Amino acid sequence: MQTADLANMSDKLMLSTVVLYIVAVVAYAADLGFGRRRQPAAVVRTEAKVLVGADGPDETVTEVVAAPPAEDDRRRIDWARLAVVLNVLGWAAHLGVILSRGLAAHRWPWGNMYEFLTAIAFAAVTAYLVVLARYKARFLGAFVMVAAVIALGVANIWLYDSVGPVTPALNSYWIAIHVTAAIIATGSFTVAGAATIMYLLKSRREAAGPIPEQSVWSRVPGVEALDRLALRVTTFAFPIWTAAIVMGAIWADEAWGRYWGWDPKETWSFVTWIAYAAFLHARATAGWKGRKAAVLSLVAFACLIFNFFGVNYMFSGLHSYA
Amino acid sequence: MAETDTERAKAEKTTPDEPTPDQAGPDRVEEAATATPAGRRPAEEGPRPRGIGPIGWLRWAWRQLTTMRTALILLFMVALGAIPSSFLPQRAQAPEKVDVYFQQHKALAPWLDRFSLFDVFAAPWFAAIYILLFVSLAGCVVPRLVKHFQAMRAQPPAAPRNLTRLPQSATFETSRTPDEVLAEAKALLRKRRFRVAEGKGAVASEKGYAGELGNLLFHLALLGLLFSLGVGNLFGYRGDVLLREGSSFANTLAQYDQFKPGRAFSTNELAPFSITLDDFQAKYELKGDKRGQATDFHASITYRDTPTSASKHYNLKVNHPLEIGGTKLYLLGHGYAPQFTVRDGKGQVAYRGAVPFLPQNSRTLQSEGVIKVPDAQPDQLAFYAILWPTATATTDGKQIISEFPGALRPVVSIVGFKGDLGLDSGNAQSVYQLEGIGKTLIPIKGGEKLMEPGETFKLPDGSGSITFDGLKEWTSLSVNHDPGRMPALIAAVLAILGVITSFTVRRRRVWVRASAAEDGRTVVHVGGLTLGNPTPEFDDVVTALRGDSQGSDASEPTTPVSEETGTPGDASPGDKSEQSGAETSTSAADDPSDKE
């Protein structure tokens, strides 16, 4: 295929990705709002409904009367499955966006802010799917996918850039290593951030009183599980972030003649690293566990976001590729 | 200290996790043996020292400094302290921007300067924070290292009395004798690389020392990184040179445009190499909406390691520095250097050469520069010039712009001045700016002209002429020597390896006790304790130990696994240290300091 065709395909796939993700968000929200119960009590209720429904056809009734079971069926749409299927389809389209973009440009497809943000969103969705498969963390779906949709929206509306070559400074095999590590770490931190926000919301809700069986919160696991999930994802991402910084330093040494020069990007990567290190330490210290540590984790995530947007658009530095 | 005390009070209020002696209950002594290995505990909140004298106070201060809380606060202060450097211009990176800031904020700037906010990373307060942090780190890591080595050599702690009370436990019966079971357990655990010790009717084992080792390695590597940074700053140097095509540079102090030596660097240590820039080539995208974007730069250079050695050739590119005798040479920037010949009022050639112009726009390389001709007679001459590498008129035809960074149709616009350049005053002048315009330097009437290469412009008042001979390019090179580079790399790699090890390896203990039951069979109790979340290994050990003892009414292994996220993989050191509910311990390793 021609470069132009591939670039065009990448843009079209981007549209499909965004649409699939938005529908997935709706399905996740529906699942949280009125999906199947997780509690045993809820399961019994569903079974009761099935029995009622099964009774229906036995009776000889008119079509008008037959309507309620049909409506009942519709209400029992498996939102969770729908959401996950759409999510995986969207993920595949997203992968296609990145691959076709890379093929069109004949290089690693993270050479400008549009591509970088697209890749970070992809990493976040991938991290979420991994967490979904390993820990059944479907409750995170709505949050992570909203974040992904926002990221892709920002990428397309404000950061879009057509396919092109990179500046000579970026023309190095380090882009494949350093930037990839930064993307994976950022995507994972996003999932950890979503779990932490859920943790804070849930712990507030729990403190307010008992959670009714029907509420959204009954579908979110306990604070301890959320806390551990956030920690687990952070412990995965932290060494990768460390490696991204170190590899960035090695690259900086090759490109700019020094491995550390307190460029705004370097400074904020360092600040982010320190903040996550503080979170990990706090998490292991009794007096700082729980809420305090969660707030620390969100502060660290805020630093990470600022490092992406603030540093590239507010300051002029060596990392200003916008 | 006031701040620390508030933090202290806060932490005291919010430490419900800490077991009080009452909660620990009567089993405290037994549980002491099963305390989670190497778990971290918060600062010991003993009563404030009273009447303990200066040494007591020092010890108290040292203990405070090495607590986790102090380390956390210091970590945060480092992060906070680094932030102003991204909002305010820094002398180390952009001294010219600091000057501009001073002009724009006349009242504020001196105050900011008083707090070293334009040199954040050289500021005394910043140094104070990170030195305290690293002292705190060392004060924590070194004793822990000693304790860890002792623990690695010591026997695994003896089996607690009641193994079923442990987080992981299993009980089964078998027809083998207790001795057989214990011998088998020993062999099995050894094979699984546990360190094994035999007690009375029981086997104790422990493994996963690498986790703590990785943790310590990580922190020591950070110390090493800081040390390397210091070595580089002290013994290294860096300098910038601007080289025009055809010109040469010898590595001596006088030839640098900018030179920053480390405090302990002596200029005799400059490697005696020399280089010549033969040619510089920039490639740009020619088509599409990316037209004009640079795609490749390379500088052909010839260099000699020493004045007497043979000359070699190198193609210097971005991302491909040249290393000569422990010194590295980098291609940093480039621009145009138009060549001019200036004749003075007497017809003498007063200047001939290529003048580096500064690019104003990286996409079009529209550049500006000045030509100073102090040797012109009778008046000194000066020219301010703008260069458009590919000149074209704007659509309204009123302005000239450069539409491409390559030199497809170079045009310069010249404005002539005469008078006194002010070079004799002794004040340093920028080579890119004219000083005293309108005062000592008077614009020449009708002295403006657009010129193409080869054109000569006679100044209308007869004070001279200028010829635009052609276009050369210049490159800026960065030269540096950093002896801390390799140590820093090694320290960084060790830090990454350390942090990964500490997150993935968990210290765990397994005890096996076998005792004869009344019916001639043997009851086997297996207990396991893991720092952090339990691993599935315990179940594997139990399964292997049970072996052929089918039919026995054994209870299932009880590894607590929570519903959603309870699968093993939690790597937090000390995460569940309150699990055992004990705060004292028997092993030396069980008394770590309170932070990582």
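Within each chain, residue numbers correspond to sequence positions counted from 1 in written order. A letter from A marks each chain and a number from 1 marks each ligand, given out in the order of writing. Local features are withheld for residues below a pLDDT of 70 in this predicted model, meaning they are given only at 70 or higher, and side-chain atom pairs are given and counted only at 80 or more; totals for whole chains, interfaces and linings count all residues.

Draft legend 1. Main features of the sheet that holds strand β5 (residues 248-250) of chain B. Residues and elements named next belong to chain B. Each pair of strands is called paired provided DSSP finds at least two bridges between the two strands. To qualify as a helix, a DSSP run of H or I must reach at least 4 residues; to qualify as a strand, a run of E must reach at least 2; elements of each kind are numbered from the N terminus. Spatial ordering of the open sheet is given by β5-β7-β8-β9, a layout of four strands whose pairing is antiparallel. Of all strands in the sheet, those with a lone pairing partner are β5 and β9 (312-317), marking the two edges. On average, each strand axis in the sheet is tilted by 30° relative to the strand beside it, whichever way the strands run. Relative to strand β8 (residues 294-304), strand β7 (residues 274-284) is paired through 10 bridges, and the arrangement is antiparallel. Its bridge partner being in β8, Thr276 is matched across the sheet by Thr302. Angles here are taken between N-to-C directions and fall from 0 to 180 degrees, while the axes themselves are lines fitted to C-alpha atoms, restricted in helices to the stretch in contact.

Draft legend 2. Spotlight on the confidence of the model for chain B. Residue and element names in this part refer to chain B. On a scale of 0 to 100, pLDDT captures the predictor's confidence in every residue. Residues of chain B with pLDDT of at least 70 account for 83%, and the chain-wide mean is 81. pLDDT under 50 marks residues 1-44. Its contacts with residues more than four places away, or in other chains, come to 91 contacts. We call two residues in contact whenever the C-beta atoms placed from their backbones are within 7 Å. Segment residues 549-596: pLDDT under 50, and 148 contacts once partners within four positions in sequence are set aside and those in other chains are kept.

Draft legend 3. A look at the sheet that holds strand β13 (residues 358-359) of chain B. Residues and elements named next belong to chain B. Sheet architecture is open: five strands sit in the order β13-β14-β15-β18-β19, paired in antiparallel fashion. At either end of the open sheet lies a strand with only one pairing partner, and these are β13 and β19 (441-451). Relative to β19, strand β18 (residues 411-419) runs antiparallel, the two sharing seven bridges. Bridge pairing in β19 places Val412 opposite Met451.

Draft legend 4. Spotlight on the pairing of strand β3 (residues 202-207) of chain B. Residue and element names in this part refer to chain B. Whether a residue is buried, exposed or partly exposed follows from its count of other C-beta atoms within 10 Å of its own C-beta, namely 20 or more, 12 or fewer, or something in between, respectively; the C-beta atoms are built from the backbone. Counting buried positions along β3 gives six out of six residues, so the element sits mostly inside the fold. Burial along β3 is two-sided: Ala202, Ala204 and Glu206 facing one way and Val203, Ser205 and Lys207 facing the other are all buried. The sheet contact formed by strand β2 (residues 195-198) and β3 spans four bridges and is antiparallel. Considered in β3, the bridge of Arg195 is made with Glu206. Here β2 folds back onto β3 in antiparallel fashion, the turn holding three residues, of which Gly201 has a positive phi close to 70°. Sheet analysis places β3 next to strand β22 (residues 508-516), joined by six bridges and oriented antiparallel. Bridging across to β22, Lys207 finds its partner in Arg508.

Draft legend 5. Representation of the confidence of the model for chain A in the model. All names here are of chain A. In the predicted model, chain A carries a mean pLDDT of 83, and 84% of its residues have values of at least 70. Model confidence for chain A, summarised as mean pLDDT per element, is weakest for helix α2 (residues 40-58) at 38 and strongest for helix α5 (residues 113-135) at 94. In the model, residues 38-74 has pLDDT below 50 throughout and makes 17 contacts with residues more than four positions away in sequence or in other chains.

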